[in-house]
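Working through the structure, step by step
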Amino acid sequence: MDSDTIMGPMDLKVRELLKEVQLDYSSATTNLVDDTVSAIKQAIDTIPEDLKVTADLAPQFVRDIGADKVEFNFKKPKLIEIGGSYSMRCIAKPDVNVDLFVRLPKECFHEKDYLNHRYHAKRFLYLCIIKKYLNSSSLIRKVEWSTLQNEARKPLLVVHPAMELDEIPGFFVRIIPTATSLFSILKLNMKRNNVRSLKQDESTPQATPKYSSSILEDMFLENNAEFVKQTFLGWKELGEALILLKVWARQRSSIYAHDCLNGFLISVIMAYLATDSGRNLINNSMKPMQIVRFTLDFIASSKLWNSGLYFKSQSLPNISKEELQERKQCLRLFPVVISESLAHFNLVFRITGSGFMELQDEAGLTLRCLDKCKDGGFEELFLTKIDYAAKYDYCMSLNLKGNSDVHASGFCLDEECWRSFEQKVHALLLQGLSDRAKFIRVTWKNATSESNVENGLSIFDQEPLLIGISISSLEKAFRVVDVGPNAENKDEALKFRKFWGEKAELRRFKDGTIAESTVWESKQWERHTIIKRITGYLLSRHLSLSERNIVHVVDQLDFSLVHGIGDPISFSGNLLEAFEVLSKRLHLLKDIPLKVSSVQPLDSAFRFTSVFPPEPHPLANEKSYVPRLNKLTSTCIKPLEVMIQLEGSGNWPMDDIAIEKTKSAFLIRIGESLQNNWGMLCTATEENVDVLMSGYAFRLKILHERGLSLLNMQNGSNHVKRISSVDKELFIRGQHSSMINGLQGRYPIYGPVVRLAKRWVASHLFSAFLVEEAIELLVAYLFLKPLPFHAPCSRISGFLRFLRLLSEYDWNFSALVVDINGDLSPSDEKEINENFTTSRKGYEEFAHNVNPAMFLATGYDKASEAWTRFSPNSLELRRLGAYARSSVNLLTKLIFKGQVDSYRWECLFRTPLNNYDAVILLHREKMPYPQQLLFPSEMNQGKHVAHGNASKAFHPFLLPEYMKGNSTDLKDKLLVDFDPLRCFIGDLEKEFPDTFKLWYDSLGGDAIGMVWDRSLSKKRERDEEEEKDRVNVLKAVGEVGKGFVRSIYLLKSPRLRN
């Protein structure tokens, strides 16, 4: 039997991934590597022996690191050999580069060059000479500077060969100096001071463990690389596991960083586990994915990290007391330790405490993916990008370019100034945010390929410093008052006041306690900005950073949800109060044949997911008098649907039409009763009864109890077919509403994310193709199945993940199952899979005609019939994915670049109108809610085929002359559920069936995109007659929308490619 036939889905995918990322050591590849290394060796061979090297080669670099006595006579390297991943055959594409170790000759150094950065200066000057001669070689295209793990005092050379190979684009060689046996190891003991200018006070030298480790790293580099190489050579599974872990780590930019993890450190941890030092916990019988899992489990949960990892020495099997002391000393100095037995050099000296916490958290999350996700979490492990933008709830960037305070004490002491500044910012925010933050990540990437290091270290502040904050809980993050020390605790109170300055105040609390505190007063809908205010205040107070140099990614998209004086979500409390009153009154009605047994809100405004929940309207109330009206009092009011059920009865008719008529009669009777008992204003039509009270219009709907009882039966029952579609729809909407309500209670940030998602979908004119319930389910999926992330706790990170879901999900081959209550049984899941498989049966032949193209399954809708049965179709879904991809790229760039320009953020919601065959522009002043329009639309291309004046029959706001009338007259002017856009769209679809498709924004957009039905224009040529026909159709469209249509343009649209 073929081995592939017994592999699981995860194993097969891993096989394919390895084929894709493993480097093919073909003759073309090895020849390119060998030729490039030979060219480097030849260039170095041309350097004259005993060439005088002085600080004049790079005076600014030498001055910046504070070195003296740096002159030497050039000697050729003692050894030039390939090391790193290439030598172990463990390169993971697409990053194909070769590490070339160049051993620095002892003759170029004095025995005391380990002091005061002399080694670092000479190391750099040695590389400067090599660079100069490499530039003269015709076999080398370009030589650039880089750094070893972002350490500016340890530059290295990046050599790009003149010859290029299509199989490995961007290939380069890194020249890394090594310093084997250059200095006495005892002189570089962690307790010693080797930078004489660094003192704890005027007389006491300060230990320099990071500085000493920087030199020891070069001294041990060859030995460590050789040890790792010998462990991996000939062990295929271990090498494959290393490649997989590299792919895993590279997808996670918060841990694949200078102060956390890199490919070499992953191989060191694996080598430890695969040798006697780690008790051979990884053994030859393990498959690559088993090794991956074991390594991640070790990283996430091993208690050995508390005491450090030490490689056993063959010559010293027992540990002496001195060695134990050295180990304890090492653990005091570094948060994480991986060292040889004597603890002379800590391989992970750069890893910070915060970096290691993130690493353990990521490893833990990955293990959960392996256990809980589909196909063993393959996509979540290896294909999902986990960058700052999507991972952290709050992202910030600090522009520190030219900020001399960063290096006021010097560029390099024990640590480099940039690393010290990272720690300073981290400590400051950790203290200020306290229990609000779960993780705070501060990283400052200093090196760029354009860096001209000879000109000194001041160039290393070009990139912004990035801060990522994961909050512990919304309750803590949105807390308004922080309680400090008790007033009687003088010392602590003084520290608190010193830290918080003018923000600190003494307050008496309800329990009688008098304590120091800070207060961050803010409106309910602005609470998400509290962390921005705290961090901004602290950075300004303690680091003297101006507002323009601090970019918080928090509220940049709030403009899309706000109009007038603030966010209309602030009126939701009034709405829920009004609904409670209505519900009580409906239950109290006694003069109707059947009592009301339950009342359930259906509209998204009740579950906090409406983009624009209605504001209370002064005319929609039960009182006879009219309050003083605002100048901009809306003419229209949106009805909010409420579903009621009546107590059971056997007297209902059996016929669908008769049932609906009986419902109408009941609703009219209910309306009359409300009017008679409480003076509530009710309006009735044949289809609807609207109740106006407390500033809102509630539209009553009755769910017939027979329909409910049948729907509660098993789906296999034949009776289900007899339920009216109205009852079925009401029941499903009721189920959806109650589930989303429960979800909103569990995740308070869910509502704002949904509102942003709905606004984005509408602003790009997809309102006709993706209903709001479908959007709510897509966002719900992000919260219910967040892996490989934690559930989002901020609106921008949630919105970015929504866009990524739209753009990356494989809708053709995967159903998206949203299990809101967590109660789907295995049989339910089996039924969903069968329904999905049935829907995809004709995929091979009719890929563009698969329904539903977006398969959204829930507990109440296992066949995706409720919200996405007919739309979006395959083409619409591809277009939606293309728009989402574009927005993902822009939003990610805006977050990383610390963009402050509001126009760039607005571009996320600005839609291009040139992707349509024709565009209709509407009169903005004739929209029912003109204040909801995001950006006015204008056209400066295409053929202008029609123009129309605005109608005088409708005004969105009550005119001044109406204000003088009595209350009854004024209330008669109120239009419930009037939407001219919806009416216009309906008329066009009726008048021009199968002629064109309409794209519009139901949330207040003033443009409609038109795409001709492709079945009508199969001919390739676009002759004059066809254009004439289209112009005539568009003119007829203008006539249908007379008074509402402003202009119509005919475009020759570029087709939107997938």
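Just so it is clear, the structure is predicted and the values come from calculations on it, not from any experiment.

Looking now at the overall build of the chain. Within the chain one finds 30 helices and 30 strands. Expected size for 1058 residues packed as a compact globule is a radius of gyration near 31 Å; at 35 Å, the chain falls within 12% of this value. The proportion of buried residues among the 1058 residues of the chain is 56%. The long-range share in the chain, meaning contacts at least 24 apart out of those at least 6 apart in sequence, stands at 74%. For the chain, the computed accessible surface area is about 47,700 Å², with 50% contributed by carbon and sulfur atoms.

For strand β21 (residues 689-693), the tally of buried residues reaches 5 of 5 residues, placing the bulk of the element in the interior. Covered by surrounding structure in β21 are V689, V691 and M693 together with D690 and L692, the residues of both alternating faces. In terms of strand pairing, strand β20 (residues 681-684) meets β21 through 4 bridges, oriented antiparallel. Counterpart to A684 in the pairing with β21 is V689. The hairpin formed by β20 and β21 contains 4 residues between the paired strands. Sheet topology places β21 next to strand β22 (residues 696-702); 5 bridges connect them, and they run antiparallel. Among the inter-strand pairings, L692 is bridged to a residue of β22, identified as A697. Between β21 and the antiparallel strand that follows it, β22, lie 2 residues; S694 among them carries a positive phi value of about 55°.

Further remarks concern the sheet that holds strand β10 (residues 394-398). Where strands meet in a sheet, backbone hydrogen bonds hold them as pairs that are either parallel or antiparallel. With antiparallel pairing, 4 strands are arranged side by side in an open sheet as β11-β12-β10-β16. Looking along the sheet, the strands with just one partner apiece sit at the ends: β11 (437-443) and β16 (550-553). Adjacent strand axes in the sheet meet at a mean angle of 15° when their direction is disregarded. In this sheet, β16 lies alongside β10 in antiparallel orientation, the contact comprising 4 bridges. In the strand pairing of β16, C395 is matched with V553.

For the structure shown, the criterion picks out 57 salt bridges. Between E416 and R419 there is a salt bridge; the shortest N-O distance is 3.8 Å. Between E672 and R669 there is a salt bridge, with the nearest N and O atoms lying 3.5 Å from each other. Here R669 and E672 lie together in helix α19 (residues 656-678), a separation of 3 residues that amounts to about one turn. Taking relative accessible area as the criterion, E672 reaches 40% and is therefore assigned partly exposed. Taken together, the shared-partner salt bridges in this structure form one network comprising R123, E151, R153, K154, E217, D218 and R350.

Time to look at the sheet that holds strand β13 (residues 481-486). Spatial ordering of the open sheet is given by β13-β15-β14, a layout of 3 strands whose pairing is antiparallel. One side of each edge strand has no neighbouring strand; the edge strands of this open sheet are β13 and β14 (504-508). Looking at each pair of strands side by side, their axes are set apart by 40° on average, direction ignored. Pairing between β13 and strand β15 (residues 514-519): 4 bridges, direction antiparallel.

On to the nonpolar core. In this structure, F382, W760 and F802 are the most contacted members of the largest nonpolar core, which totals 264 residues. For this core, the leading source of residues is helix α5 (residues 118-134), giving 10 residues. With sequence-adjacent residues up to four places away left out, F802 is seen in contact with A757, W760, V761, I775, L778, V779 and L782. By size, the runner-up hydrophobic cluster in this structure holds 31 residues, among which are L582, V642, L646 and V689.

Moving on, we come to the packing of aromatic side chains. The relative placement of two aromatic rings is captured by the distance of their centres and the angle of their planes. Overall, the coordinates contain 47 aromatic pairs when judged by the stated rule. Relative to Y809, the ring of Y781 has its centre 6.4 Å away and its plane inclined at 80°; by these criteria the two rings are edge-to-face. Of this pair, Y781 sits in helix α23 (residues 772-784) while Y809 sits in the loop between α24 (795-808) and β23 (816-818); the two residues are 28 residues apart in sequence, bridging distant segments of the chain. Judged on exposure class, the residue Y781 and its partner Y809 are both buried. Judged by centre distance (6.0 Å) and plane angle (85°), the rings of F984 and F1044 are edge-to-face. Remark: F1044 occurs in the loop between α30 (1024-1040) and β30 (1045-1050) and F984 occurs in helix α29 (residues 980-991); sequence separation between them is 60 residues. Overall, the relative accessible area of 8% leaves F1044 in the buried class.

Turning our eyes to something else, we now look at the side chain of E415. Within the secondary structure, E415 sits in the loop between β10 and α14 (417-433). For E415, a relative accessible area of 18% corresponds to the buried category. A distance of 3.0 Å separates the side chain of E415 from the side chain of K210, its partner in a polar contact. In this structure, E415 is in contact with R153, K210, S420 and Q423, ignoring residues within four places of it in sequence.

Further remarks concern the packing of helix α6 (residues 209-232) against helix α8 (residues 263-273). Interhelical geometry of α6 versus α8 gives an angle of 60° and a closest axis separation of 10 Å. In this view, α6 runs oblique relative to α8, as classed from their interaxial angle. Here the hand of the crossing between α6 and α8 comes out left-handed. Of the residues in α8, those in contact with N224, A225, F227, V228, T231 and F232 of α6 are F264, S267, V268, M270 and A271. Broken down by class, the residue content of the contact of α6 with α8 amounts to 8 nonpolar, 3 polar and no charged.

Further remarks concern helix α7 (residues 236-250). In this model, α7 (15 residues) spans 21 Å end to end at C-alpha, consistent with the 21 Å of a helix rising 1.5 Å per residue. By the criterion of burial, α7 is predominantly enclosed, with 12 of the 15 residues buried.

Averaged over every residue, the pLDDT of the chain is 90; residues scoring 70 or more account for 93%. This stretch, residues 1-5, has a pLDDT under 50; its non-local contacts, to residues over four places away or in other chains, come to 2 contacts.

Here we take up the environment of T995. Summarising the element assignment, T995 is placed in the loop between α29 and β28 (996-1000). T995 gets classed as buried once you look at its relative accessible area, which sits at 16%. T995 sits 38 residues away from V1033 along the chain, and the two C-alpha atoms are 9.1 Å apart.

Here we take up a positive patch on the surface. There is a patch of like positive charges on the surface, built from K69, K112, K187, R192 and R196. Assessed through its relative accessible area of 35%, K187 is described here as partly exposed.

Here the focus is the environment of M270. Here M270 shows up in helix α8. According to the relative accessible area criterion, M270 is buried, its value standing at 0%. With 42 residues separating them along the chain, M270 and V228 place their C-alpha atoms 8.8 Å apart. If we skip the residues at most four places from it in the chain, M270 touches F232, L238, A241, L242, L245, I282, I291 and T295.

This brings us to the environment of K532. Relative to the helices and strands, K532 resides in helix α17 (residues 530-543). Contacts of K532, omitting those with residues within four sequence positions, involve H552, V554 and D555.

K93 connects to P94 through a cis peptide bond whose omega is 15°. With respect to the helices, strands and loops of the structure, P94 is situated in the loop between α4 (84-88) and β4 (97-103). In this model, S871 is joined to P872 through a cis peptide bond whose omega is 0°. Mapped onto the elements, P872 comes out in the loop between β24 (856-858) and α26 (874-897). Of note, the phi angle at D994 is positive, near 55°, even though the residue is not glycine. Following the sequence through the fold, D994 ends up in the loop between α29 and β28. Under the relative-accessibility criterion, D994 is labelled exposed at 59%.

As a packed pair, α7 and helix α9 (residues 288-301) sit with axes 8 Å apart at the nearest point and diverge in direction by 55°. By the angle class used here, α7 and α9 are oblique. For the pair α7 and α9, the sense of crossing is right-handed. From α7, E237, L238, E240, A241, L244, L245 and W248 reach across to α9, where they touch P288, M289, I291, V292, T295 and L296.

Conventions we followed
Residues numbered from 1 in each chain as written. Predicted model: local features only at pLDDT ≥ 70, side-chain atom pairs only at ≥ 80, totals over all residues. Heavy atoms only, no water. Helix = DSSP H or I, 4+ residues; strand = E, 2+ residues; numbered from the N terminus. Rg over C-alpha atoms; globule rule 2.2 N^0.38 Å. Buried < 20%, exposed > 50% of the residue type's maximum accessible area, 1.4 Å probe, protein only. Contact = heavy atoms within 4.5 Å. Areas by Shrake-Rupley, 256 points an atom, 1.4 Å probe, with all protein chains shown as cover. Pairing = 2+ DSSP bridges. Axes fitted to C-alpha atoms, helices over the stretch in contact; angles between N-to-C directions. Salt bridge = Lys/Arg side-chain N within 4 Å of Asp/Glu carboxyl O. Core = buried A, V, L, I, M, F, W, Y, C linked by side-chain atoms within 4.5 Å. Phe/Tyr/Trp six-rings, centres within 6.5 Å; stacked < 30°, edge-to-face > 60°. Polar contact = N/O pair within 3.5 Å; in protein donor to acceptor, adjacent residues only side chain to side chain. Parallel < 35°, antiparallel > 145°, perpendicular 65-115°, else oblique. Left-handed = near helix turned anticlockwise from the far one by under 90°. Nonpolar A, V, L, I, M, F, W, Y, C, P; charged D, E, K, R; others polar. Expected span 1.5 Å × (residues − 1). pLDDT = per-residue confidence, 0-100. Patch = residues over 30% accessible without salt bridge, like charges linked within 9 Å, V, L, I, M, F, W, Y side chains within 5 Å. Lys, Arg positive; Asp, Glu negative; His and termini not counted. Charge placed at Lys NZ, Arg CZ, Asp CG, Glu CD.

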